[in-house]
Amino acid sequence: MKAVVCQNGALSVSDLPAPRPGRGQVRLKVLRCGICGSDLHARHHSDELADVAADMGYLQSMRSTERTVFGHEFCGEILEYGPRCKRRAPVGSRVVAFPLRRAEEGIHPIGLSASAPGAYAEEVLVEESLMVPVPDALRTDIAAMTEPMAVGLHAVRRAKIRRGQIAVVIGAGPIGLAVVLMLKAQGVRTVIASDYSAARRALAKRCGADIVVDPATESPIDYVEQRRGYFTSSVAAMSLLLRATEAANTLPIPLWQAWRVLESMGVGPKAPVIFECVGVPGVLNSVITSAPIMSRIVVAGVCMGEDRLRLAMAINKELDIRFVLGYTPVEFRRTLRLLAKGKVDPTPLITATVSLAEVDGAFEALASPDDHAKILIDPTA
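Residues numbered from 1 in each chain as written. Predicted model: local features only at pLDDT ≥ 70, side-chain atom pairs only at ≥ 80, totals over all residues. Heavy atoms only, no water.

A. Highlighting the domain arrangement of the protein. Taken as a whole, the protein is organised into domain 1 (2-134 + 346-377) and domain 2 (149-323). Domain 1 and domain 2 are separated by 34 Å when their C-alpha centres are compared. In this assembly, twelve residues from domain 1 lie in contact with 13 residues from domain 2. Linking domain 1 with domain 2 are zero salt bridges, by the criterion used here. Applying the counting criterion to the domain 1 and domain 2 interface returns three residue pairs in polar contact (both at pLDDT 80 or more). Counting residues per element, the side of domain 1 that touches domain 2 draws most heavily on helix α1 (residues 37-55), which supplies four residues. (Domains from an automatic or database assignment. Contact = heavy atoms within 4.5 Å. Salt bridge = Lys/Arg side-chain N within 4 Å of Asp/Glu carboxyl O. Polar contact = N/O pair within 3.5 Å; in protein donor to acceptor, adjacent residues only side chain to side chain. Helix = DSSP H or I, 4+ residues; strand = E, 2+ residues; numbered from the N terminus.)

B. Highlighting a positive patch on the surface. On the surface, R333, R334, R337, K341 and K343 cluster together to form a positively charged patch. Considering the arrangement of structural elements, one finds R337 in helix α11 (residues 329-340). (Patch = residues over 30% accessible without salt bridge, like charges linked within 9 Å, V, L, I, M, F, W, Y side chains within 5 Å. Areas by Shrake-Rupley, 256 points an atom, 1.4 Å probe, with all protein chains shown as cover. Lys, Arg positive; Asp, Glu negative; His and termini not counted. Charge placed at Lys NZ, Arg CZ, Asp CG, Glu CD.)

C. Up close: the packing of aromatic side chains. Evaluated as defined, the whole model comprises six aromatic pairs. Taken together, the ring pairs connect F70, Y120 and F363 into an aromatic cluster. (Phe/Tyr/Trp six-rings, centres within 6.5 Å; stacked < 30°, edge-to-face > 60°.)

D. How the structure looks around the UniProt feature "transmembrane region" (unreviewed entry) in the protein. UniProt tags residues 166-183 as "transmembrane region" (unreviewed entry). What you have in residues 166-183 is 56% helix and 28% strand, and the ends, taken at the C-alpha atoms, are 10 Å apart. (UniProt positions renumbered as here; feature names shortened; annotations may be inferred.)

What follows is the structure, given as structure tokens:
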């Protein structure tokens, strides 16, 4: 079969043996596969990623010298079941799959380990237990967006954001746009998206962002500060504390009981939720510096280099910083249902579809934020 192989940072189309499904596995014909930002990182930074994985106990993450087939965002057609499968979906039906697979006595991320070749290929193996059938009415290209949209859903769920809170999305690349889509699907009323690229700001607007901001000319935090109850100034926060104490002293109950009542009423600084979806050194520290007091920061952008953070600023503001990665099998299935019901429409993100022979050029094209958001691969083209 034909597949795109990455080795020493170079991408090339190669002939590989057709995969053979093992126990509980299924062989799929790949219909569509998305090019993920993780693939772009892994092409040139696989050794750094492997070092992090090794420190976490996983020793078989791809290395630059290995021949690796990328591709973990895919939709495929069932070609063959391996032994001891339950065969709940008929051969010929379309499925998506949570990208983990057993191989060589271990469990590996599909497309990010030489032990589990991914879907930049005509065929790919998946675990039957992690497979989810695609509803007949759902387009194949949209089904292939299940995995990146699940990343957005996971970030929003980990944020524990309420509908009335303001969400600020820093970076309108594929991850940021997925977060915008999922925020609106969850009913969040005010979503502010920020990106230097005019094209990506336009995509954020199409995905439902209420306000889009060019950070070269204005800060998205300015829109938060204009709302009553949000503070970046410690002086303003202390002033609120003093006024609230004076108000509590006028009540016909002891001060500390009054404070408990005021707390139960939500008196105090309001806190936005800020999603950092860029992953470039310096961005998180900039967010920490500009964030209102008691903000929650959700870090979804994958920063490949070391960074420096002004921790004293984060401490003094009592910021809540959460790092997120991936999604759960439940979130993966839920995302497919949201796509099938039309509650999330990632169509604006899909800017091109290429053949296996055009993948190298697609990687180069994705380096420009004004040209593309998500490029899909059609191995049958």
